[in-house]
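Here are the chains, one letter per residue:
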Amino acid sequence: MAGKLCRVTKESPWITEIPNHEGYRLTPMINTKLCPGAQIEFYVGEFQPGIGRAVDHIHDGEDNVFYVLSGRATARVGDDIYSLEPGDALWVPKGEVHNFDVIGGETFRVIAIFSPPRAI
């Protein structure tokens, strides 16, 4: 199986209707549809300042990792609250309730990884 180069460009498709998320969009980079055989999903996501948030939700079947590229937010994972800033990585185990709230006036841009990949 060959690899695949994926790049965010101005033509990249952005998904804006994501349950439990407000002021958020993401673009798929790697998933089982784009890269058959992939064992992860990889997205770039953006929460807009002032309105960006993810309300409490759970991913029952996969772990999540969020790597912060820009902006700031608070995140709750279970009973713990974290302040996130560029360079931070947050692991959310499968089955754990979590949320995000953007802080300040900058777009909160993250890499989101799901493992194992969901059926698409």
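Right above here is the structure, for reference.
Considering the layout of surface pockets
Alright, step 1. By volume, the largest pocket amounts to about 230 Å³.
Alright, step 2. Secondary-structure elements contributing two or more residues to the lining of the largest pocket are β2 (24-30) and β10 (108-115).
Alright, step 3. Per-class residue counts for the lining of the largest pocket are nine nonpolar, three polar and two charged.

Quick look at the side chain of S12
Alright, step 1. You can see S12 is positioned in the segment before β1 (21-22).
Alright, step 2. Residue contacts for S12: discarding those within four places in its chain leaves R7 and T27.

Some points on the sheet that holds strand β6 (residues 72-77)
For sheets, the rule is that strands pair by backbone hydrogen bonds, running either parallel or antiparallel.
Alright, step 1. Here five strands make up an open sheet; going across it, the order is β1-β4-β9-β6-β7 and the pairing antiparallel. Strands at the two margins of the open sheet, each flanked by one partner only, are β1 and β7 (80-84).
Alright, step 2. Two strands pair when backbone bridges link them, and β6 and strand β9 (residues 98-103) are joined in this way by six bridges, in the antiparallel orientation. Bridge pairing links A73 to V102 in β9.

Thoughts on the nonpolar core
Alright, step 1. Ranked by internal contacts, the top residues of the largest apolar core, which has 20 residues, are F47, L84, L90, F100 and F108.
Alright, step 2. Those elements that provide at least two residues to this core are β2, β3 (41-47), β5 (63-70), β6, β8 (89-92), β9 and β10.
Alright, step 3. Ranked by residue count, the leading element in this core is β10, at four residues.

Quick look at the environment of S83
Alright, step 1. If you trace the backbone, S83 turns up in strand β7.
Alright, step 2. Sequence-wise, S83 and V102 are 19 residues apart; in three dimensions their C-alpha atoms are separated by 10.0 Å.
Alright, step 3. Other than its neighbours up to four places away in sequence, S83 contacts A73 and D88.

Topic: the pairing of β10
Along any regular strand the residues' side chains alternate between the sheet's two faces.
Alright, step 1. Summarising the sheet, β3 and β10 pair through seven bridges and their orientation is antiparallel. From the neighbouring strand, Y43 faces β10, where its bridge partner is A112.
Alright, step 2. Bridging between β5 and β10 involves seven bridges; their strand directions are antiparallel. Bridge assignment links V68 to a residue of β10, and that residue is V110.

Digging into the sheet that holds β10
Alright, step 1. Across the sheet, which stays open at both edges, the five strands sit in the order β2-β3-β10-β5-β8 with antiparallel pairing between neighbours. This sheet does not close on itself; its edge strands, each paired only once, are β2 and β8. The sheet shows a mean angle of 20° between the axes of neighbouring strands, direction not considered.

Conventions used here
Along each chain, residue indices are assigned from 1 in the same order as the chain's sequence is written. Thresholds applied to this predicted model are a pLDDT of at least 70 for local features of residues and 80 or more for the giving and counting of side-chain atom pairs; totals over whole chains, interfaces and linings are not thresholded and use all residues. By convention in this description, side-chain values take in all heavy atoms of the structure and omit both hydrogens and water. Only protein atoms enter the calculation, which uses a 1 Å grid: trapped sets of points that fit a 1.4 Å probe without letting it out are cavities, open sets showing protein on both sides within 12 Å along at least five of seven lines are pockets, and any residue with an atom within 4 Å of a point is a lining residue. Grid points are joined across faces, edges and corners, and a volume is the space filled by probe spheres set on the points. Secondary structure counts use DSSP, requiring at least four H or I residues in a row for a helix and at least two E residues in a row for a strand, with both numbered from the N terminus. Just so you know the grouping, Ala, Val, Leu, Ile, Met, Phe, Trp, Tyr, Cys and Pro go in nonpolar, Asp, Glu, Lys and Arg go in charged, and all remaining residues, Gly too, go in polar. Contacts: residue pairs with any heavy atoms within 4.5 Å of one another. Whether two strands pair depends on DSSP finding at least two bridges between them. Buried Ala, Val, Leu, Ile, Met, Phe, Trp, Tyr and Cys residues that are joined via side-chain atoms within 4.5 Å together make up what is termed a nonpolar core. Using a 1.4 Å probe on the protein chains alone, a residue whose accessible area is under 20% of its type maximum counts as buried, one over 50% counts as exposed, and one in between counts as partly exposed. An axis is simply a line fitted to the C-alpha atoms; with a helix, the fit covers only the stretch in contact. Between two such axes, the angle follows the N-to-C directions and lies from 0 to 180 degrees.

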